[in-house]
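Here is what each chain is made of, one letter per residue.
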Amino acid sequence: MTKENLKGFILALLSSGFIGASFIIKKKGLRKAAAASGVRAGVGGYSYLLEPLWWIGMITMIVGEIANFVAYAFAPAVLVTPLGALSIIVSAVLAHFILKERLHKLGMLGCVMCIVGSVIIVIHAPQEHPITSVQEIWSMATQPAFLLYVGSVIVLVFILVFLFAPRCGHSNVLVFTGICSLMGSLSVMSVKALGTSIKLSFEGKNQLIYAETWFFMMVVAVSVITQMNYLNKALDTFNTAIVSPIYYVMFTTLTILASVIMFKDWDGQSGGTIVSEICGFIVVLSGTILLHVTKDFERISSFKGSSAPVSPSLSTRLCSGNGELLLKYNNEEDVPSSEEVCLSRHELY
């Protein structure tokens, strides 16, 4: 591992640690605020804004995001992006000990898979070509192959936003998450370009005098706002346990694809090394999905106390929205069937 890759790797690890811990701190703050005011944030309460513990969690998350931003300036996206899965491990482990949220054995296996996959990716991470100016990044961004990718992304996003979102955005989880993932891949490329420009400026090579730097900054703003807008819509419409793994898989895959096209991350690597990276990536994805599936299983099982129902099928969770239809049966004698839940969901629209 090169010195630059090592810096990016350490920053990505710190980012995952801070972000994973922030989820737990914020949840503790939300519980404390809800206990004090009697109104939860999920039903419109804002008392958590007066809770110091919630703000500590928010500051911790911001520190983690800054570390992630800087990591892209030192290491390729092929290395940094998949390591984001480690924040899920930190969150799951801390939740087990601090929030007393039981970590299922399959969840533990998912954690191990994420770690093993991350190690494989780190070992076979490509050496990034040294960049000396933002104009060099601009030449990479304007090469025909990447322009074709950007054009394809823009066309797909417009189709999803104006054609599919109004028709089936609230019934198909892939619409909103697809928009988030496509825009997310462009935001990461722009973040890497912007981060590299800032790093070069701190090294004495001022890049703020170039229009390209400000263009990348504008792209970051537009893509991140669009990405967050549709991610919120996805989380508000569908079950988090199904949105999170699908979004992670699509976002990470498209980001790596964009990085390979723009920055030529795999140039100079042998076929065996590339295959090893892909295998490591697949292991991380599998571990991430396993963690979320077991988390969903534990939540559904808790509805009936000692008598745990069978974990719902994928189609049931796709139709269950943000969980309100399942939750309303919590205190009733019978839990509805998969067909009843889906039918109730469709009746809302």
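Up top you'll find the structure we're talking about.
The rules behind these values
Residues numbered from 1 in each chain as written. Predicted model: local features only at pLDDT ≥ 70, side-chain atom pairs only at ≥ 80, totals over all residues. Heavy atoms only, no water. Buried < 20%, exposed > 50% of the residue type's maximum accessible area, 1.4 Å probe, protein only. Helix = DSSP H or I, 4+ residues; strand = E, 2+ residues; numbered from the N terminus. Arc of directions from axis to C-beta. Salt bridge = Lys/Arg side-chain N within 4 Å of Asp/Glu carboxyl O. Contact = heavy atoms within 4.5 Å. Patch = residues over 30% accessible without salt bridge, like charges linked within 9 Å, V, L, I, M, F, W, Y side chains within 5 Å. Areas by Shrake-Rupley, 256 points an atom, 1.4 Å probe, with all protein chains shown as cover. Core = buried A, V, L, I, M, F, W, Y, C linked by side-chain atoms within 4.5 Å. Phe/Tyr/Trp six-rings, centres within 6.5 Å; stacked < 30°, edge-to-face > 60°. Lys NZ or Arg CZ within 6 Å of the ring centre and 35° of its normal. Axes fitted to C-alpha atoms, helices over the stretch in contact; angles between N-to-C directions. Parallel < 35°, antiparallel > 145°, perpendicular 65-115°, else oblique. Left-handed = near helix turned anticlockwise from the far one by under 90°. Nonpolar A, V, L, I, M, F, W, Y, C, P; charged D, E, K, R; others polar.

*Asks:* Looking at this model, I keep getting lost on helix α6 (residues 134-141). Mind explaining?
*Replies:* Within α6, the full set of buried residues consists of Val134, Glu136, Ile137, Met140 and Ala141. Buried residues of α6, viewed axially, fall in a sector of 155°; they line one side.

*Asks:* Can you walk me through the pattern of salt bridges in this structure?
*Replies:* A side chain with one charge may pair with a side chain of the opposite charge, provided their charged atoms come close. What the rule picks out here adds up to three salt bridges. Between Glu4 and Lys7 there is a salt bridge; the shortest N-O distance is 3.9 Å. Of this pair, Glu4 and Lys7 are both found in helix α1 (residues 3-37), three residues apart, which corresponds to roughly one turn of the helix. On the accessibility criterion, Lys7 (35% relative accessible area) is partly exposed.

*Asks:* Mind showing me how you'd approach the environment of Gly110 here?
*Replies:* Structurally, the position occupied by Gly110 is in helix α5 (residues 105-123). Overall, the relative accessible area of 0% leaves Gly110 in the buried class. In sequence terms Gly110 and Val283 are 173 residues apart; their C-alpha atoms lie 9.2 Å from each other. Discounting residues that sit within four places of it in the chain, Gly110 has contacts with Gly287, Leu290 and Leu291.

*Asks:* Explain a nonpolar patch on the surface here, please?
*Replies:* Taken together, the side chains of Leu6, Ile10, Leu14, Phe18, Ile59 and Val63 define a hydrophobic patch exposed on the protein surface, amounting to about 500 Å² of accessible area. At the level of elements, α1 and α2 (52-74) are the ones that each hand at least two residues to the nonpolar patch. With four residues, the top contributor of residues to the nonpolar patch is α1. With respect to the secondary-structure elements, Ile10 resides in helix α1. Residue classification places Ile10 among the partly exposed positions, given a relative accessible area of 43%.

*Asks:* Could you clarify how one ought to interpret the nonpolar core in this entry?
*Replies:* When a protein is soluble and globular, its nonpolar side chains tend to lie buried together. Core analysis: the largest hydrophobic core is formed by 72 residues, its most contacted members being Leu79, Phe146, Met189 and Met262. The element best represented in this core is helix α8 (residues 173-202), accounting for 13 residues.

*Asks:* Before we go on, may I ask you to explain the packing of aromatic side chains in this structure?
*Replies:* How two aromatic rings sit relative to each other is given by the distance of their centres and the angle of their planes. Going through the model one piece at a time under the given rule, you end up with nine aromatic pairs. With 5.9 Å between their ring centres and 65° between their planes, Trp138 and Phe216 make a pair best called edge-to-face. Of this pair, Trp138 sits in helix α6 while Phe216 sits in helix α9 (residues 211-237), and the two are 78 residues apart along the sequence. Under the relative-accessibility criterion, Trp138 is labelled partly exposed at 29%. Seen in terms of ring centroids, Phe176 and Tyr230 are 6.0 Å apart; in terms of plane orientation they differ by 45°. Their pairing is tilted. Here Tyr230 lies in helix α9 and Phe176 lies in helix α8, a separation of 54 residues in the sequence. Looking at Tyr230, the relative accessible area reads 11%, which means it is buried. Taken together, Tyr48, Trp54 and Trp55 form an aromatic cluster joined through their ring pairs. Above the plane of the ring of Phe263 lies Lys192, whose end atom (NZ or CZ) is 5.4 Å from the centre.

*Asks:* Hey, could you run me through the packing of α8 against α9 in this one?
*Replies:* Any two packed helices are characterised by the angle at which their axes cross and by the distance between the axes. It is at 8 Å that the axes of α8 and α9 come closest, and there the two elements cross at 150°. On the basis of their axis angle, the class for α8 and α9 is roughly antiparallel. In this structure, the crossing between α8 and α9 has a hand that is left-handed. Each residue belonging to the contact of α8 with α9 can be placed in one class, and the counts come to 15 nonpolar, 10 polar and one charged.

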